[in-house]
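# Survey of secondary and tertiary structure
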Amino acid sequence: MSDVADRADWRIAHDIQVSRAHASRTLQLEADGHCHYCDEHVAHGVLFCNTDCRDDYEKEQAALRRAGR
Ligand SMILES: [Zn+2]
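Structure report, in brief. (Residues numbered from 1 in each chain as written. Predicted model: local features only at pLDDT ≥ 70, side-chain atom pairs only at ≥ 80, totals over all residues. Heavy atoms only, no water.)

## Some thoughts on the coordination of the zinc ion
Definition in use: Here a donor is any nitrogen, oxygen or sulfur atom (N, O, S) within 2.8 Å of the metal, with 3.2 Å used for Na, K and Ca; water is not among the atoms considered, so some sites may look incomplete. Four donors are marked tetrahedral only if all angles between them lie between 85 and 135 degrees, whereas four are marked square planar and six octahedral if opposite donors are more than 155 degrees apart and the other angles lie between 65 and 115; the remainder are marked irregular. Here a helix means four or more residues in a row that DSSP labels H or I, a strand means two or more in a row labelled E, and each is numbered from the N terminus. Burial classes follow relative accessibility: with a 1.4 Å probe on protein chains only, a residue under 20% of its type's maximum area counts as buried, one over 50% as exposed, and anything between as partly exposed.
The coordination sphere of the zinc ion, as far as protein atoms go, consists of Cys35 (SG), Cys38 (SG), Cys49 (SG) and Cys53 (SG), spread over 2.2 to 2.3 Å. Of note is the zinc ion, whose 4 donor atoms meet at the metal with angles of 103 to 114 degrees in an arrangement that counts as tetrahedral. Mapped onto the polypeptide sequence, the residues donating to the zinc ion form the spacing pattern C-x2-C-x10-C-x3-C. In this pair, cysteine 35 sits in the loop between α1 (3–25) and α2 (51–68) while cysteine 49 sits in the loop between α1 and α2, placing the two residues 14 residues apart along the sequence. Judged by its relative accessible area of 34%, cysteine 49 falls in the partly exposed class.

Below, the structure written as structure tokens:
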């Protein structure tokens, strides 16, 4: 079977997903009153509602960066 082609398809789809996630998330890391991970209301000037969300967000971003390479 065409393993290489399958993998290429997966890569392309994955790359698109990664860039989209990047464009929609990373570029607008401004404190807008919402947690950047779960969208919960947070105090003004705060990016995340707690350290769990921050950690999860950073883990997610790290995974995306690793996958994007
Ligand atoms: Zn949160």
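## A closer look at a negative patch on the surface
We apply this condition: Patch definition: residues with relative accessible area over 30% and no salt bridge; like charges joined within 9 Å; nonpolar side chains (Val, Leu, Ile, Met, Phe, Trp, Tyr) joined within 5 Å. The accessible surface values rely on the Shrake-Rupley method and a 1.4 Å probe; as for residues, cover is taken only from the protein chains in view. For this analysis, a salt bridge means a side-chain nitrogen from Lys or Arg found within 4 Å of a carboxyl oxygen belonging to Asp or Glu. Counted charges follow a simple rule, with Lys and Arg positive, Asp and Glu negative, and His plus the chain ends left uncounted. To locate a charge, take NZ of a lysine, CZ of an arginine, CG of an aspartate or CD of a glutamate.
Together, Glu30, Asp32, Asp39 and Glu40 make up a region of like negative charge exposed at the surface. Taking relative accessible area as the criterion, glutamate 30 reaches 56% and is therefore assigned exposed.

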